[in-house]
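Overview (structure and organization)
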Amino acid sequence: MNSETADIKAIEQVVATVERTQRSKDVEGFLALFHPEALWTTAHGKVLIGFDAIAEFTRAVLPNASWDGEVTYEAVHTRFLRPDVAAVKVRQVYHSAAGDTEGAPLYVMTKQEDGNWLLHACQNTEVRVD
């Protein structure tokens, strides 16, 4: 397997871990995916700058989150901006009895010296159906 293929697989694993930790409300598992200097913008436009702000928000919101279905995340397109920086378009679908709703996150991920990929700059956007 070439290095780009291995990196894509590793990035897909991060996205799968986002899904798993969101579903199980695993706050610390979710936070382990972030770079210390990460930026995160929620689907509703709340801007969180730095790990501490992301952690404070996540610890307050994720354990109490409620939904009547399940959420899936899929990395649908990865573009390497540099060998150690990737822009990843994610398809996020909330499946519920009332019908599916979708999000379209963009994750900019960076590869660390140890080879792990971390979320560095993320924008989570709700998809509106008109």
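About the thresholds
Residues numbered from 1 in each chain as written. Predicted model: local features only at pLDDT ≥ 70, side-chain atom pairs only at ≥ 80, totals over all residues. Heavy atoms only, no water. Salt bridge = Lys/Arg side-chain N within 4 Å of Asp/Glu carboxyl O. Helix = DSSP H or I, 4+ residues; strand = E, 2+ residues; numbered from the N terminus. Buried < 20%, exposed > 50% of the residue type's maximum accessible area, 1.4 Å probe, protein only. Phe/Tyr/Trp six-rings, centres within 6.5 Å; stacked < 30°, edge-to-face > 60°. Core = buried A, V, L, I, M, F, W, Y, C linked by side-chain atoms within 4.5 Å. Contact = heavy atoms within 4.5 Å. Expected span 1.5 Å × (residues − 1).

The name an unreviewed UniProt entry gives the protein is SgcJ/EcaC family oxidoreductase, with Kitasatospora putterlickiae as the organism.

Looking now at the pattern of salt bridges. Enumeration over the complete set of coordinates arrives at 7 salt bridges. For Asp7, the salt bridge is made with Lys111, and the minimal N-O distance between the two is 2.9 Å. Here the residue Asp7 occupies a position in helix H1 (residues 3-24), and Lys111 occupies one in strand S6 (residues 106-111), the gap between them amounting to 104 residues. Exposure remark for Lys111: the relative accessible area of 30% places this residue in the partly exposed category. Two residues, Glu28 and Arg59, come together in a salt bridge whose shortest N-O distance is 3.0 Å. With a gap of 31 residues between them, Glu28 in helix H2 (residues 27-31) and Arg59 in helix H3 (residues 51-61) connect regions that are remote in the sequence. Note on Glu28: relative accessible area 45%, which makes it partly exposed.

Turning our eyes to something else, we now look at unusual backbone geometry. The general pattern is negative phi for most residues beyond glycine and trans for most peptide bonds. The backbone of Lys25 sits at a positive phi, close to 55 degrees, despite the residue not being glycine. Along the chain, Lys25 turns up in the loop between H1 and H2. You can call Lys25 partly exposed: its relative accessible area is 32%.

What follows covers the packing of aromatic side chains. A full pass over the atoms with the stated rule returns 5 aromatic pairs. Here the aromatic cluster, defined as three or more aromatic residues joined through ring pairs, consists of Phe30, Phe34, Trp40 and Tyr107.

A separate point is the nonpolar core. The biggest cluster of nonpolar side chains holds 25 residues, and the ones touching the most others in it are Trp40, Val88, Tyr107, Met109 and Leu119. When residues in this core are grouped by element, the largest group, 4 residues, is from H1. Excluding residues within four positions of it along the chain, Val88 makes contact with Ile11, Val15, Ala75, His77, Thr78, Pro105, Leu106, Tyr107 and Met109.

Once that is clear, we can look at H1. Spanning 22 residues, H1 covers 31 Å between terminal C-alpha atoms, matching the ideal 32 Å at 1.5 Å per step. Within H1 the residues assigned to the buried category are Asp7, Ile11, Val14, Val15, Thr17, Val18, Glu19, Thr21 and Gln22. Where the residues of H1 are buried, they touch H2, strand S3 (70-82), strand S4 (85-95), S6 and strand S7 (117-123). Looking at the residues trailing H1, positive phi occurs at Lys25, about 55 degrees.

As a further point, take the environment of Gly29. Mapped onto the secondary structure, Gly29 falls in helix H2. Since its relative accessible area comes to 18%, Gly29 is described here as buried. In this structure, the C-alpha to C-alpha distance between Gly29 and Val18, residues 11 residues apart in sequence, is 8.5 Å.

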